[in-house]
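# A structural walkthrough
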Amino acid sequence: MSANLVVDIANTCDYRASISMGSGINLTVGEIVDLMHANTYCNVWCAGGAGSGVIQLRIQTSDTTTSGSFTDPTSGLPQMPVNVESGGTFWVNSGLWVSGNYSVTAPVADAPQFCSGGIAFGAFQRPHQYARLISVSGPFPNWFVAGFVSNKRTTGSGGGFSWQPLAAGSVNV
């Protein structure tokens, strides 16, 4: 048995988009998102139109907005968080092409998750105030948007929060 909790995202979470893209664009550095008022356990999301093909997003965080200061938030964690791999990579949608043909009309190994549009989530412990996404998605044939969502920090209850994650998992307030 597991417990579920429905959360009022509109009033209790910080949520920001970092990348909004049309099709056919490969490498894009997303906007910097300030998550100062959010807990350190953070969700990353991606929503897109219909289409086959992998969307690969790299998560980066920093304490400043200076170019070159952003790093991988998964570095040093004893285990990887939900749907995020080492290097801060968040994979969305299906499909590594079976044939090696990278055409957007080529068949892929699995049925596309975004066969009629979709959304996917991952999670990680955010060790810094600022976050951004870098899309290295390749030829995804439709639009997609991606960003971050995290519960807001609260005061007056709980043990506070920490910018220094010690283990993969939630740091609650």
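Here is what the cut-offs are and how they apply
- Residues numbered from 1 in each chain as written.
- Predicted model: local features only at pLDDT ≥ 70, side-chain atom pairs only at ≥ 80, totals over all residues.
- Heavy atoms only, no water.
- Helix = DSSP H or I, 4+ residues; strand = E, 2+ residues; numbered from the N terminus.
- Buried < 20%, exposed > 50% of the residue type's maximum accessible area, 1.4 Å probe, protein only.
- Contact = heavy atoms within 4.5 Å.
- Areas by Shrake-Rupley, 256 points an atom, 1.4 Å probe, with all protein chains shown as cover.
- pLDDT = per-residue confidence, 0-100.
- Polar contact = N/O pair within 3.5 Å; in protein donor to acceptor, adjacent residues only side chain to side chain.
- Pairing = 2+ DSSP bridges.
- Axes fitted to C-alpha atoms, helices over the stretch in contact; angles between N-to-C directions.

## Remarks on the overall build of the protein chain
Along the backbone of the protein chain there are 1 helix and 10 strands. Counting helices and strands in the order they occur from the N terminus, the protein chain gives α-β-β-β-β-β-β-β-β-β-β. Per-residue burial over the protein chain gives 42% buried out of 173 residues. Considering only intrachain contacts with a sequence separation of at least 6, the fraction spanning at least 24 residues in the protein chain is 78%. With an accessible surface of roughly 9,000 Å², the protein chain has 54% of that area assigned to carbon and sulfur atoms.

## Quick notes on the confidence of the model for the protein chain
Of the residues in the protein chain, 64% reach a pLDDT of 70 or more, and the chain-wide mean stands at 73. Looking at the elements of the protein chain, mean pLDDT is at its lowest for helix H1 (residues 9-12), recorded as 69, and at its highest for strand S3 (residues 33-34), recorded as 92. Low pLDDT (under 50) marks residues 95-112, which in the prediction has 29 contacts with non-local residues, meaning those over four places away or in another chain.

## Notes on the environment of Ser62
Among the structural elements, Ser62 can be located in strand S5 (residues 55-62). Separated by 66 residues in sequence, Ser62 and His128 have C-alpha atoms that sit 5.1 Å apart. Setting aside anything within four residues of it in sequence, one finds Ser62 in contact with Ser69, Phe70, His128, Gln129 and Tyr130. Side-chain polar atoms of Ser62 contact the side chain of Ser69, separated by 2.8 Å.

## Overview of the environment of Val92
Checked against the element boundaries, Val92 lands in strand S7 (residues 89-92). As a C-alpha pair, Val92 and Gly48 span 44 residues in sequence and 9.6 Å in three-dimensional space.

## Re the side chain of Thr89
Structurally, Thr89 can be placed in strand S7. The buried category is assigned to Thr89, whose relative accessible area is 6%. Ignoring anything within four residues of it in the chain, the contact list for Thr89 reads Gln56, Leu57, Arg58, Asn83 and Val84.

## Let's talk about the sheet that holds strand S10 (residues 144-151)
Here we have 4 strands laid out as an open sheet, ordered S1-S10-S4-S8, and antiparallel in their pairing. What marks the edges here is a single partner per strand, and that holds for strand S1 (13-21) and strand S8 (118-125). Pairs of neighbouring strands in the sheet enclose a mean axial angle of 20 degrees, with direction left out of account. Here S1 pairs with S10 via 8 bridges, running antiparallel. The residue bridging Arg16 from the neighbouring strand is Phe148, located in S10.

## Things to note about the pairing of strand S9 (residues 130-136)
With 6 of 7 residues buried, S9 is to be regarded as a mostly interior element. Note that strand S2 (residues 27-29) and S9 share 3 bridges and pair antiparallel. For Leu27, the partnering residue across the bridge sits in S9 and is Val136. In the sheet, S5 pairs with S9 via 6 bridges, with the strands oriented antiparallel. Of the residues in S9, the one forming a bridge with Leu57 is Ser135.

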